[in-house]
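# Chain and residue survey
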Amino acid sequence: MVPALEFRHIEDGMHHALAEFFVDLSEGADEEFFHPHPLTREHAATIASYAGMDLYYALTVGKLVIAYGMLRGWDEGFDTPSLGIAVAKRWRGIGIGRAMITMLHVAARFNGASRIRLKVHKRNTSAIELYKALGYKFQDTDGEQLIGFLTL
């Protein structure tokens, strides 16, 4: 039997799987493009026990985390959450990033957001292309990042 592909809100029992995902990202040098927080086992435990208004999700196959997504900023009082996603290298290029973002859009609308913000490294061209295809409009910044907005 093939394990189910599931979007799951990250909770206590998932911290080991999330920690392995973070370790794989950091060992694969993905921190250049994805660095919203430390990609450590300790931070995975923090996210798994988190109880605020921000949202953290994983896409899993069985107990394996293959993608991670978040909507943050509500805890700080912002009306527009910031989106962040990462997909395990092995699972890239088959639509998982698009699926994770689409699910996060639904979660944002469900929680009252009327738009979403994100930051992306200027050299992360595959992510920029995906975000543009999903309707994000970008503004340049002074640094290495673009800021994108999507009205939901």
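Structure's up top.
Here is a short report on the structure shown in this document. (Residues numbered from 1 in each chain as written. Predicted model: local features only at pLDDT ≥ 70, side-chain atom pairs only at ≥ 80, totals over all residues. Heavy atoms only, no water.)

## Thoughts on helix α3 (residues 96-110)
- The terminal C-alpha atoms of α3 lie 21 Å apart, and with 15 residues this matches the ideal 21 Å at 1.5 Å per residue to within 8%.
- The set of residues buried in α3 consists of I96, G97, M100, I101, M103, L104, H105, A107 and A108.
- Looking one or two residues beyond α3, the residue adopting positive phi is G112, at roughly 95 degrees. (Helix = DSSP H or I, 4+ residues; strand = E, 2+ residues; numbered from the N terminus. Expected span 1.5 Å × (residues − 1). Buried < 20%, exposed > 50% of the residue type's maximum accessible area, 1.4 Å probe, protein only.)

## Brief notes about the pattern of salt bridges
- Tallied over the entire structure, the rule returns two salt bridges.
- As a salt-bridge pair, E11 and R8 come within 3.6 Å of each other at their nearest N and O atoms.
- Residue R41 pairs with E20 through a salt bridge whose shortest N-O separation is 2.7 Å. Separated by 21 residues along the polypeptide, R41 in helix α2 (residues 41-48) and E20 in helix α1 (residues 15-27) bring together distant segments of the chain. (Salt bridge = Lys/Arg side-chain N within 4 Å of Asp/Glu carboxyl O.)

## With respect to the nonpolar core
- If you look at the biggest cluster of nonpolar residues, it comprises 29 residues, and the most contacted ones within it are L71, L83, I101, L104, Y131 and Y136.
- If you list the elements that add at least two residues to this core, you get β2 (55-61), β3 (64-72), β4 (82-87), α3, β5 (115-121), α4 (125-133) and β7 (145-151).
- Sorting elements by how many residues they give to this core places α3 first, with seven residues.
- Not counting the four nearest positions on each side in its chain, I101 is found in contact with L83, I85, L130, Y131, L134 and Y136.
- In this structure, M14, F21, L39 and A58 belong to the second largest nonpolar core, which totals 19 residues. (Core = buried A, V, L, I, M, F, W, Y, C linked by side-chain atoms within 4.5 Å. Contact = heavy atoms within 4.5 Å.)

## Concerning the pairing of β3
- Along β3, seven of the nine residues are buried, which leaves the element largely enclosed by surrounding structure.
- Note that β2 and β3 share seven bridges and pair antiparallel. Bridge assignment links L59 to a residue of β3, and that residue is A67.
- Relative to β4, β3 is paired through six bridges, and the arrangement is antiparallel. Its bridge partner lying in β4, A67 is registered against V87. (Pairing = 2+ DSSP bridges.)

## A word on the layout of surface pockets
- Computed from the structure, the largest pocket encloses a volume of approximately 940 Å³.
- Taken together, 36 residues form the lining of the largest pocket, with F33, F34, I85, N124 and Y131 sitting closest to its centre.
- When contributions to the lining of the largest pocket are tallied by element, the ones reaching two or more residues are β3, β4, α3, β5 and α4.
- Ranked by residue count, the leading element in the lining of the largest pocket is β4, at six residues.
- Residue classes in the lining of the largest pocket are distributed as 17 nonpolar, eleven polar and eight charged. (1 Å grid on protein atoms, 1.4 Å probe; cavity = no way out; pocket = protein on both sides within 12 Å on 5 of 7 lines; lining within 4 Å. Points joined across faces, edges and corners; volume = space filled by probe spheres on them. Nonpolar A, V, L, I, M, F, W, Y, C, P; charged D, E, K, R; others polar.)

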